[in-house]
Amino acid sequence: MSVFQVRTRTFGAHVGASTVAIHKADQKSYGVQLVSLFAADVSGSASTLTVEFFDASEATAYRLAFEAPIPANGAYALDLSGMALDRNDEIRLTAGAANSVDALLTVKEPEARSR
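Everything numeric here is computed off the predicted structure, so don't read it as measured data.

Novice: I'd like a rundown of the overall build of the chain, residues and numbers included.
Specialist: Counting secondary structure elements, the chain contains 0 helices and 9 strands. Starting at the N terminus and ending at the C terminus, the chain contains elements arranged as β-β-β-β-β-β-β-β-β. By its C-alpha atoms, the chain is 55 × 25 × 20 Å across when sized along the principal axes. For the chain, the share of sequence-separated contacts (at least 6 apart) that also reach a separation of at least 24 residues comes to 81%.

Structure representation (structure tokens):
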């Protein structure tokens, strides 16, 4: 018999002008609960950040934040509670300039354990 427990994990990314997937739910994942995204400007100049949810079943990206301003040496937070990722879904990030933002995404993943 399998019992599901929840494991909290945090993923990090250095974000620049190219889009990066900070987290992709793998083939076995269902119901990865998103918690929050924190991003910090590391360039010393004001930055922007675009956050997208990529729905793999529809091959479509939806913007959760578009060019959200991050002040010089400041931070940006996005509450993602209530959202979930299914198989191959992604959270994607793009900054307004190269190497300008560091980001952390926290998720809760179901983990099957046998008893």
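Moving on, there is more to tell.
Novice: Give me the pairing of strand S5 (residues 60-70): which residues, what numbers.
Specialist: Pairing between strand S4 (residues 47-55) and S5: 8 bridges, direction antiparallel. Residue pairing across strands places Thr48 opposite Pro69, the latter belonging to S5. Taking the residues between adjacent antiparallel strands as the criterion, S4 and S5 are bridged by 4 residues, where Ala59 takes a positive phi near 50°.

Novice: Give a description of the pairing of S4 that names residues and reports values.
Specialist: S4 sits mainly inside the fold: 8 of its 9 residues count as buried. Bridge analysis of S4 against strand S8 (residues 90-95) gives 6 bridges, and the strand direction is antiparallel. The residue bridging Glu52 from the neighbouring strand is Arg92, located in S8.

Novice: Can you break down the nonpolar core residue by residue, with the values?
Specialist: With 26 residues, the main nonpolar core has Ile22, Leu37, Leu49, Ile91 and Leu93 as its most contacted residues. Of all the elements in the fold, those that place two or more residues in this core are strand S1 (2-15), strand S3 (32-41), S4, S5, strand S6 (75-79), S8 and strand S9 (101-114). Discounting residues that sit within four places of it in the chain, Leu93 has contacts with Val15, Ser18, Thr19, Val20, Ile22, Leu37, Leu49, Thr50, Val51 and Ala103.

Novice: Provide a residue-level description of the side chain of Ser36, including the pertinent values.
Specialist: Tracing the chain through its elements places Ser36 in strand S3. By relative accessible area, which is 13% here, Ser36 ends up buried. Not counting residues up to four positions away in its chain, the partners in contact with Ser36 are Leu78, Leu80, Leu104, Leu105 and Thr106.

Novice: Can you break down the environment of Gly82 residue by residue, with the values?
Specialist: Relative to the assigned elements, Gly82 resides in the loop between S6 and strand S7 (84-85). According to the relative accessible area criterion, Gly82 is exposed, its value standing at 75%. Residues Gly82 and Leu34, spaced 48 residues apart in sequence, show a C-alpha to C-alpha distance of 7.1 Å.

Novice: I'd love a proper account of the packing of aromatic side chains, names of residues and values included.
Specialist: Going through the model one piece at a time under the given rule, you end up with 1 aromatic pair. With a centroid separation of 6.5 Å and 25° between ring planes, the pair formed by Phe53 and Tyr62 is classed as stacked. Classification of Tyr62 as partly exposed rests on a relative accessible area of 37%. It is Arg92 that lies over the ring of Phe54; its NZ or CZ is 3.9 Å from the centre.

Novice: Break down the side chain of Thr94 for me, with residues and values.
Specialist: Considering the arrangement of structural elements, one finds Thr94 in strand S8. On the basis of relative accessibility, which here comes to 18%, the residue Thr94 falls in the buried class. At 2.6 Å, the side chain of Thr94 forms a polar contact with the side chain of Thr19. Setting aside chain neighbours within four positions, we find Thr94 in contact with Val15, Gly16, Ala17, Ser18, Thr19, Thr48, Leu49 and Thr50.

Scoring rules and cut-offs
- Residues numbered from 1 in each chain as written.
- Predicted model: local features only at pLDDT ≥ 70, side-chain atom pairs only at ≥ 80, totals over all residues.
- Heavy atoms only, no water.
- Helix = DSSP H or I, 4+ residues; strand = E, 2+ residues; numbered from the N terminus.
- Contact = heavy atoms within 4.5 Å.
- Pairing = 2+ DSSP bridges.
- Buried < 20%, exposed > 50% of the residue type's maximum accessible area, 1.4 Å probe, protein only.
- Core = buried A, V, L, I, M, F, W, Y, C linked by side-chain atoms within 4.5 Å.
- Phe/Tyr/Trp six-rings, centres within 6.5 Å; stacked < 30°, edge-to-face > 60°.
- Lys NZ or Arg CZ within 6 Å of the ring centre and 35° of its normal.
- Polar contact = N/O pair within 3.5 Å; in protein donor to acceptor, adjacent residues only side chain to side chain.

Interpretation note: all reported values are geometric properties and have no functional meaning in isolation.
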